[in-house]
Amino acid sequence: MNQLLHTPEGMRDIYNGACEKKLYLEDKLHGILRAYGCRPIQTPSIEFFDIFGKEIGTTKSRDLYKFFDREGNTLVLRPDITPSIARSAAKYYMEEELPVRLCYKGNTFINSGSLQGRLKECTQLGAELIGVHTMDADAEILSMIVECFLAAGLKDFQISVGHVDILQGMMDAAGFDEDEEEYVRDLIMNNNFFGVEEFTDSRQMEPQLKKLFSVIGKLYPSAEDFQEIKQAAQAYEKVYAAISHLEQLQSLLLLYGIEKYVSFELGMISSYQYYSGVIFRGYTYGSGEPIVKGGRYDRLLHYFGKKAPAIGFVIVTDQLMSALSSQNIEVPLNYHTQLVVYDDAHREDAIIYAKKQRTAGCSVGLLLREGAKTHADYEAYAARNQITRLLFMDGE
């Protein structure tokens, strides 16, 4: 393979119309986040290894791109932007006691196995609401997501919402040790719900607790649909509180008018261990991966020295673009580009014209005509490059 012409596995070039559509969509979604009061922030693509260390509960070490700087420090290409935002918030907003709303976009890097067929570099666009531990903040974040998807042109999508304390509370009540918890989590991450059922059937536990484990892998369209499960959870305080939280959250979703886009997945888990409350993922047709993911991480900022709750999300732009393409939803680009083809005798006229047009806000390219090229050649070139106006200044 000629490495001079190819990208590394899992990386890709984005160019021409695809690149323009992606940038347009990112700008549009970023505008929605700004409309919710979020202020933009940029963090570096390269961070110290400890930002994503095991105790943080983010990406596994084997999936990181790791290297060293001249001083011997271990660095990584960020696999996840949220810990970077938490670090920044602790550094720049340490004394702020009221909410901090931040939004961003940037690339993340996961050194996943080659057989998984996933992109190793993805663009994420997201928002974080720091300093608020309320159900209102949870609902506001979900509303942002829905508005972003609607603005992108999606009509059929669903956001599944869960709570980390449901599964954790069930495993605590069942007396699982650390290895057993990890085993159950791996089964769920691999969608092996029969394996979970087989494992729980092999354990001695109260009938009500065993009934709670039956929620794993199930979706509930509304809070009314899991009332029986809530009753079964009454004896397990942690589980009951988490289920009640989701029930109350639905009432706020009704105020925002987004309840039809939200369902509840009581057995949901995340590969990120820093989540501490509500978690969620969003899906639509044409994407095998979630197009949005996020949740509450009330303890993450503590690692960086700031005691503050937080909740946030990331939209995986590449997955969103794939879904839009699969659903034949066009990103409405408006091309207004001119090309001026000139000869030596009209060089000054062409340059003066282009300068005036650019000052007026128009996009104008200049091209000195080659003797062998015909007007038809340039017309074909303009068509290939979405040039809407072609002007010849060559005396013909």
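The preceding data block contains the structure.
Residues numbered from 1 in each chain as written. Predicted model: local features only at pLDDT ≥ 70, side-chain atom pairs only at ≥ 80, totals over all residues. Heavy atoms only, no water.

Some details on the overall build of the protein chain
Stated formally: What counts as a helix is a DSSP run of H or I of at least four residues, what counts as a strand is a run of E of at least two, and both are numbered from the N terminus. Exposure categories follow from relative accessible area, calculated using a 1.4 Å probe and restricted to protein chains: below 20% of the type maximum is buried, above 50% is exposed, and the middle band is partly exposed. Any two residues having at least one pair of non-hydrogen atoms within 4.5 Å are treated as being in contact. For the area figures, the Shrake-Rupley method with a 1.4 Å probe applies, and any residue is considered shielded solely by the protein chains shown.
Across its full length, the protein chain carries twelve helices and 14 strands. Of all 396 residues assigned to the protein chain, the portion counted as buried reaches 49%. Counted over contacts in the protein chain with a minimum sequence separation of 6, partners at least 24 positions apart contribute 70%. Only carbon and sulfur atoms are counted for the fraction: they give 50% of the accessible area of the protein chain, which is about 20,700 Å².

Remarks on the packing of helix 3 (residues 135-152) against helix 9 (residues 237-256)
Applied cut-off: Here, axes are lines fitted to C-alpha atoms. For helices the fit covers the stretch in contact, and angles between N-to-C directions go from 0 to 180 degrees. For this classification, under 35 degrees means roughly parallel, over 145 means roughly antiparallel, 65 to 115 means roughly perpendicular, and everything else is oblique. A crossing counts as left-handed when the near helix is turned anticlockwise from the far one by less than a right angle, and as right-handed when that turn is clockwise.
Running from N to C, helix 3 and helix 9 cross one another at 55°; their axes reach a closest spacing of 9 Å. Classified by the angle between their axes, helix 3 and helix 9 sit oblique to one another. Considering the relative orientation of helix 3 and helix 9, their crossing is right-handed. Packed against helix 3, whose contacting residues are M135, D136, D138, A139, E140, L142 and S143, the element helix 9 presents H245, Q248, L249, L252, L253 and Y256 at the interface.

Examining the pairing of strand 3 (residues 65-68)
Selection rule: A pair of strands counts as paired when DSSP detects no fewer than two bridges linking them.
Two elements, strand 3 and strand 4 (residues 74-77), share four bridges in a ladder whose sense is antiparallel. Within strand 4, the position partnered with F68 by the bridge is T74. Counted between consecutive antiparallel strands, the loop separating strand 3 from strand 4 contains five residues, among which G72 sits at a positive phi close to 90°.

Let's talk about the nonpolar core
Quick reminder of the rule: To qualify as a nonpolar core, a set must consist of buried Ala, Val, Leu, Ile, Met, Phe, Trp, Tyr and Cys residues joined through side-chain atoms within 4.5 Å.
Counting 75 residues, the largest nonpolar core has V161, F213, F280 and F313 as the members making the most contacts within it. Of all hydrophobic cores here, the second largest spans 28 residues; its members include V76, Y104, V164 and L301.

Some remarks on the sheet that holds strand 3
Each strand in a sheet pairs with its neighbour through backbone hydrogen bonds, running either in the same direction (parallel) or in the opposite one (antiparallel). With respect to topology, three strands assemble into an open sheet ordered 2-4-3, the strand pairing being antiparallel. A single partner strand is all that each edge strand has here, and the edge strands are strand 2 (46-48) and strand 3. Put simply, the sheet's adjacent strands are angled 35° from each other on average, direction ignored. Note that strand 2 and strand 4 share three bridges and pair antiparallel. Opposite E47, over in strand 4, you have V76 as the bridge partner.

Some points on the sheet that holds strand 14 (residues 389-393)
Ordered by their spatial adjacency, three strands build an open sheet running 13-12-14, and the pairing between neighbours is parallel. Since the sheet does not close on itself, it has two edges, and those belong to strand 13 (363-368) and strand 14, each with one partner. Each neighbouring strand pair of the sheet contributes to a mean axis angle of 20°, computed without reference to strand direction. The pairing of strand 12 (residues 337-342) with strand 14 spans five bridges and is classified as parallel. Across the sheet, the residue bridging to V341 is F392, located in strand 14. Along the sheet face, helix 11 (residues 347-359) touches strand 12, strand 13 and strand 14 and points at about 165° away from the line of strand 13.

Some remarks on the pairing of strand 5 (residues 100-109)
Among the ten residues in strand 5, seven count as buried, and that is most of the element. As paired strands, strand 1 (residues 39-40) and strand 5 are joined by two bridges and run parallel to one another. When the bridges of strand 5 are listed, P40 appears paired with C103. Of the pairings in the sheet, the one linking strand 5 to strand 6 (residues 121-130) comprises ten bridges and is antiparallel in character. Counterpart to Y104 in the pairing with strand 6 is G126.

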